[in-house]
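# Structure at a glance
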Amino acid sequence: MRISEHPILTFKRGRELRFYFNGKPIEGFEGESIAAALWASGVRSFRNTPEPQGPFCMIGYCSGCMVRVNGKSKVRACIEPAMDGIIVESDVASLPGTGEEVPAEGEEILADVAVVGSGPSGLSAAISATKRGLKVVVFERHFRPGGQLVKQTHKFFGSGELFGGLRGFQIAEKLVNEAEELGVKIYTRSSVFGWFSEGILAVNSNGQLLRVKPRAVVVGTGAVERFLPFPGNTLPGVMGAGAAQTLMNEYGVKPGERAVVVGAGNVGLIVSYQLLQAGVDVTAIVEVRPEIGGWFVHAAKVRRLGVPILTGHTVLRAEGSSHVERVVVARVGRDFQPIEGSEKVFDADLLLLAVGLTPEARLLAEMGAKMVWSSELGGYVPYRNKYMETSVPGVYVAGDASGVEEATTALLTGRIAGLSAAISILGPQKELVEEREETLRLLEEVRGTQFSVKILEGQKKVSLNV
Amino acid sequence: MYRRSGIIEKETLFSLGLVPPIERLKRGAVAVTECVEEIPCNVCEAVCPVKAIMVGGLRGRPKIDWEKCTGCGVCVGTCPGQAMFLVDLSGPAKVTVPYEFLPKLKKGDFVELLGRDGRVLGTGVVLRVFEVNKTQVVTVEVPEELVMEVRSVRARRS
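A few points on the structure. (Residues numbered from 1 in each chain as written. Chains lettered and ligands numbered in written order. Predicted model: local features only at pLDDT ≥ 70, side-chain atom pairs only at ≥ 80, totals over all residues. Heavy atoms only, no water.)

## What to know about the interface of chain A and chain B
Cut-off, in case you're wondering: Here, residues are in contact when the closest pair of their heavy atoms is within 4.5 Å. Note on definitions: buried area is the accessible-area loss of two parts on being combined, 1.4 Å probe, summed for both. By definition here, a salt bridge exists when the distance from a side-chain nitrogen of Lys or Arg to a carboxyl oxygen of Asp or Glu is within 4 Å.
Contacts between chain A and chain B engage 42 residues on the former and 43 residues on the latter. Surface buried jointly by chain A and chain B totals about 3600 Å² across both partners, of which 56% is contributed by carbon and sulfur atoms. Ranking the residues of chain A by area buried against chain B places Lys155(A), Phe296(A) and Arg304(A) at the top, with a combined share of 23%. Applying the counting rule to chain A against chain B returns two salt bridges.

## Brief notes about unusual backbone geometry
Rules: For the purposes of this entry, the term helix denotes a DSSP run of H or I that reaches at least four residues, the term strand denotes a run of E that reaches at least two, and both are numbered from the N terminus.
Across the junction of Leu102(B) and Pro103(B), the peptide omega takes the value -5 degrees, indicating a cis bond. Inspection of the secondary structure assignment puts Pro103(B) in the loop between strand 5 (94-99) and strand 6 (110-114). Phi at Met58(A) takes a positive value of approximately 60 degrees, unusual for a residue other than glycine. Relative to the helices and strands, Met58(A) resides in the loop between helix 1 (34-40) and strand 3 (66-69). At Phe336(A), a residue that is not glycine, the phi angle is positive and equals roughly 65 degrees.

## Looking at helix 10 (residues 453-462) of chain A
All names here are of chain A. Here is the rule we go by: Partly exposed residues are those whose accessible area sits between 20% and 50% of the maximum for their type, while under 20% is buried and over 50% is exposed, using a 1.4 Å probe and protein chains only. What the arc describes is the spread of directions from the helix axis to the C-beta atoms.
Looking only at helix 10, the buried set comprises Ile455, Gly458, Gln459 and Val462. Viewed end-on, helix 10 has its buried residues packed into an arc of 105 degrees, placing them on one side of the element. Along its buried surface, helix 10 packs onto strand 22 (371-374), strand 23 (379-382), strand 24 (384-385) and strand 26 (463-464).

## Examining the environment of Val75(A)
Residues and elements named next belong to chain A. Mapped onto the secondary structure, valine 75 falls in strand 4 (residues 72-76). Residue valine 75 is classed as buried on the basis of its relative accessible area of 6%. Those residues within four positions of valine 75 in sequence are excluded, and the remaining contacts are Cys65, Met66, Val67, Val69 and Glu80.

## A short note on the sheet that holds strand 19 (residues 344-347) of chain A
All names here are of chain A. Rule in force here: Here, any two strands with at least 2 DSSP bridges between them count as paired. Simply put, an axis is a line fit to the C-alpha atoms, just over the touching stretch for a helix, and the angle between two N-to-C directions goes from 0 to 180 degrees.
Ordered by their spatial adjacency, three strands build an open sheet running 17-18-19, and the pairing between neighbours is antiparallel. Looking along the sheet, the strands with just one partner apiece sit at the ends: strand 17 (313-319) and strand 19. Adjacent strand axes in the sheet meet at a mean angle of 25 degrees, parallel and antiparallel pairs treated alike. Here strand 18 (residues 326-331) runs beside strand 19; their pairing, made up of four bridges, is antiparallel. Bridge pairing links valine 328 to valine 345 in strand 19.

Have a look at this one:
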């Protein structure tokens with residue numbers, strides 16, 4: 001179902017179009033992903049699996065939305081634009097695929113700085129480097145730039161300089177506009193899939209090979225939502241909280257009618273509020289820990305609207321035949337194990353997991369950056385110095401790929417990485433060094449709260465002093 | 001306690017010094033904050049037209065100078081945490097809250113008055129509405145004893 005009216009967003013839908021899914025006509029709009037159009041038409045299971053399985057992440061990482069498009073296998077419907085007349089079919093899950101074949105000959109692109117990812121960290125790195133007259137290219141897998149800010153409808157904390165008070169999608173617009181006005185070239189539908197020791201990035205750009213030879217690289221590939229093991233977790237309707245945001249805030253597609261949200265961190269709290277704005281009932285927020293994880297003010301916003309937050313509770317299972325129909329939760333003891341007899345059953349067609357994210361830094365691992373596990377930062381991240389340089393000289397990391405935090409720190413680490421890349425090329429110019437020091441100071445201030453204690457512990461483990 | 005429940009007790013607000021004296025409330029609208037954690041944010045300080053809010057750097061708890069505050073409500077519509085409100089005991093008691101739902105509200109609408117726990121505490125009439133970046137700032141008449149209780153409104157379900 002599509003959302004026609006929203007208190008914050010105006011959905012400017014493109015031209016109407018029609019494509020086919022397993023032979024059935026599907027109505028969509030230009031600018032939508034195939035996945036959004038399918039979900040809006042009531043399709044919940046995209047793949048040809050023995051049991052129904054739905055999309056989980058909606059940002060191009062999980063395999064829950066893989067389809068065949070015009071005969072091409074293993075296409076992620078969530079980052080593939082809907083187009084008139086295309087033939088979309090459920091992919092056969094078990095077939096080993098060769099994926100896409102890209103011709104070996106490719107265009108060569110020379111650049112000063114190549115940025116991977118066009119979210120807050122990537123764009124902010126690109127802007128910082130471009131301002132110094134460097135040639136910067138950005139590669140983005142999605143068909144639109146902006147990363148995950150585009151689906152954030154809430155106003156951000158911060159100061160004026162850090163876009164405080166603006167809504168996430170407004171920040172994305174500003175960043176994209178500023179980057180483009182400064183002459184940054186953003187390649188959309190362009191996935192960086194390889195790195196050669198000669199210093200060449202291999203990019204699949206709309207099916208064409210690009211061989212990119214940069215003098216410095218900034219990797220701002222973000223993070224992926226975590227999954228949780230429980231019976232029924234593959235049922236359509238079980239998805240990441242961010243996936244629901246993609247549907248409702250980016251495409252104006254109602255993800256469901258009644259939701260249970262797992263996790264009372266900032267993501268779970270904010271998404272619950274946004275679900276209410278999209279006209280979805282939130283039956284309960286379930287949090288395994290004895291306390292709310294996110295900022296109190298975010299919790300207060302949903303409590304005032306009558307949403308219960310069940311601390312000390314966990315999800316036991318999702319039930320339903322073709323999609324989620326019921327969610328069973330239970331109280332947990334001190335050992336975090338469910339207490340028998342404390343089960344509660346909620347009628348719901350959505351079970352949203354907001355149980356943390358994990359850095360998406362596999363490209364850096366492939367590039368040979370020394371990686372380290374940090375539970376504080378959400379998973380494997382590259383060792384880096386405070387200027388965000390990894391163990392591979394000239395290769396920088398920024399944003400959630402360097403450790404899961406939030407958009408403000410992504411903006412700041414992106415700026416630091418962009419300035420560092422510029423310094424590596426232009427030398428330690430006074431103005432560059434000073435701006436970097438000022439950004440480091442700001443970052444320290446932002447991380448100065450009780451909620452950043454864990455982050456700082458993680459940073460200590462993965463940072464090398466220079 | 002509020003980190004467990006998501007609800008801050010009125011007593012906690014009093015003990016933190018966040019409730020203006022009754023004489024001030026009787027003189028007209030004044031901002032009250034329920035921003036009790038040190039969030040890295042100073043948007044309220046930046047937008048206040050009379051410089052009545054002090055955060056002190058990027059991080060801190062906003063302190064409101066109730067003598068300077070004119071009760072304009074810009075902070076109510078700007079606060080990213082929706083933790084700013086206006087309370088007014090001059091004439092009929094009034095509370096001003098942020099609102100980001102449908103239907104959009106207008107002067108004269110009747111709304112449900114919601115407490116911090118989402119309970120419906122009564123019905124009130126909307127006296128004034130303005131918008132700050134798509135957040136409606138809604139002033140609603142409330143029973144006098146509820147000025148420190150009503151913290152949200154909802155359009156009446158017909």
